[in-house]
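Here is how the chains run, residue by residue.
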Amino acid sequence: DVDGIREDVRYLFSSARSTLSDMMEARDSFAVGEVAISGVSGRRLGLYAGQRYLIKRLFYRKRGAWEAHESRIDVSSVSEKGGQPPAEIMSEADKWELCAELANETWMPWGSTEVAVELAELRSIKSELQWSLRLAAFASAFWLLVLPAALTVRLAFIPSGSMEPTVHQGDMLVYSPKQNQYSRGDIVLLTPPPKLTQL
């Protein structure tokens, strides 16, 4: 159905345009009221990797201080690369960690959860999109390099010792199936007739 294909192509171009726009406009920072994406963590934090979470609160807390009554210093935004902690904790910055209160209606119907930004491997929308584009570019480049090579060369495994000592049983040869000029010393691979392979 041609109309269906046209609609699919329009949708793909619209999505690509939207993604590019998001990447150009998005900041590489975390801010209250914005969205962050959780990474893959080996710890049980109650977050799903790759999902978007709303940042309800950003704050610094002393490492290991999980109780609500313990000291917290709120910030409105912070660079994804860390940035400077507030002045009041600068002298003991290594004893504090940046945390976020995250919410997602689908994954957290009970409300929200507090996590250390570093442990949750949170990323901004911008860095997530940049990572995705780099991965797509690498995958495309890989296939652009591998596909022509796959069409011009092939592999053959030597099934017997009939060509020893030049080629041994189990050796692997890389050859070009398109070559049609040969000279003395070349190894020529022939495909046996079907009846011969049945013997």
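Residues numbered from 1 in each chain as written. Predicted model: local features only at pLDDT ≥ 70, side-chain atom pairs only at ≥ 80, totals over all residues. Heavy atoms only, no water.

Scanning the model with the defined rule gives eight salt bridges in all. One salt bridge connects Arg57 with Asp74, and the closest N-O pair in it is separated by 2.7 Å. With Arg57 in strand β3 (residues 52-62) and Asp74 in strand β4 (residues 72-75), the pair connects residues that are 17 residues apart, well separated along the chain. When the shortest N-O distance is used, the salt bridge between Glu97 and Arg63 registers 3.6 Å. One end of the pair, Glu97, is in strand β6 (residues 96-103); the other, Arg63, is in the loop between β3 and β4, with 34 residues separating them in the sequence. Among the residues examined, Glu97 registers a relative accessible area of 11% and is labelled buried. A single salt-bridge network, built from bridges that share partners, covers Arg61, Arg63, Arg72, Glu97 and Glu114. (Salt bridge = Lys/Arg side-chain N within 4 Å of Asp/Glu carboxyl O. Helix = DSSP H or I, 4+ residues; strand = E, 2+ residues; numbered from the N terminus. Buried < 20%, exposed > 50% of the residue type's maximum accessible area, 1.4 Å probe, protein only.)

On to the nonpolar core. Counting residues in each nonpolar core, the largest one holds 20 residues, and the members touching the most others are Phe30, Leu47, Leu58, Tyr60, Leu98, Leu102 and Leu122. Contributions of two or more residues to this core are made by β3, β4, β6 and α2 (117-120). (Core = buried A, V, L, I, M, F, W, Y, C linked by side-chain atoms within 4.5 Å.)

Note that predicted coordinates carrying low pLDDT should not be read in detail. With 93% of its residues at a pLDDT of at least 70, the protein reaches an overall mean of 81. Considering each helix and strand of the protein separately, the mean pLDDT is smallest for helix α4 (residues 194-197), with a value of 77, and largest for β3, with 89. (pLDDT = per-residue confidence, 0-100.)

Across three bridges, the pairing between strand β2 (residues 35-37) and β3 is antiparallel. Paired with Val35 across the strands is Leu54, a residue of β3. Pairing between β3 and β6: eight bridges, direction antiparallel. Bridge assignment links Arg57 to a residue of β6, and that residue is Glu101. (Pairing = 2+ DSSP bridges.)

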